Amino acid sequence: MTWFEGAIDIKGHFDGDAYREFGSLAEDFQAHLQGDDGERYTPRGVLPGSN
């Protein structure tokens, strides 16, 4: 997991729903959570059209 220019990037395999945990953290930092392919996540899931 890295945080750079307002975005938290996570790479690799995570058990469970990583976007739920990390999405809340990103919101707390007013950042964006991006997956391996650039898709953006919130605690509720992937944002449509974000990749």
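Residues numbered from 1 in each chain as written. Predicted model: local features only at pLDDT ≥ 70, side-chain atom pairs only at ≥ 80, totals over all residues. Heavy atoms only, no water.

A. Representation of the overall build of the protein chain in the model. When its secondary structure is counted, the protein chain shows one helix and five strands. Written out in order from the N terminus, the α and β elements of the protein chain read β-β-α-β-β-β. In the protein chain, of all internal contacts separated by at least 6 residues, the share reaching a separation of at least 24 is 32%. In the structure as shown, the protein chain presents an accessible area of about 3700 Å², 49% of it carried by carbon and sulfur atoms. (Helix = DSSP H or I, 4+ residues; strand = E, 2+ residues; numbered from the N terminus. Contact = heavy atoms within 4.5 Å. Areas by Shrake-Rupley, 256 points an atom, 1.4 Å probe, with all protein chains shown as cover.)

B. Expanded view of the environment of Phe29. Inspection of the secondary structure assignment puts Phe29 in the loop between helix 1 (18-28) and strand 3 (32-34). Each C-alpha atom, one on Phe29 and one on Trp3, is 9.9 Å from the other, the two residues being 26 residues apart in sequence.

C. Structural detail: the side chain of Glu39. Here Glu39 shows up in the loop between strand 3 and strand 4 (40-42). Residue class for Glu39 comes out buried when judged on its relative accessible area of 12%. A polar contact is formed between the side chain of Glu39 and the backbone nitrogen of Asp37, at a distance of 3.0 Å. (Buried < 20%, exposed > 50% of the residue type's maximum accessible area, 1.4 Å probe, protein only. Polar contact = N/O pair within 3.5 Å; in protein donor to acceptor, adjacent residues only side chain to side chain.)

D. Quick peek at the environment of Gly23. Residue position: Gly23 is located in helix 1. Since its relative accessible area comes to 1%, Gly23 is described here as buried. Expressed as a C-alpha distance, the spacing of Gly23 and Gly45, which sit 22 residues apart in the sequence, is 8.3 Å.

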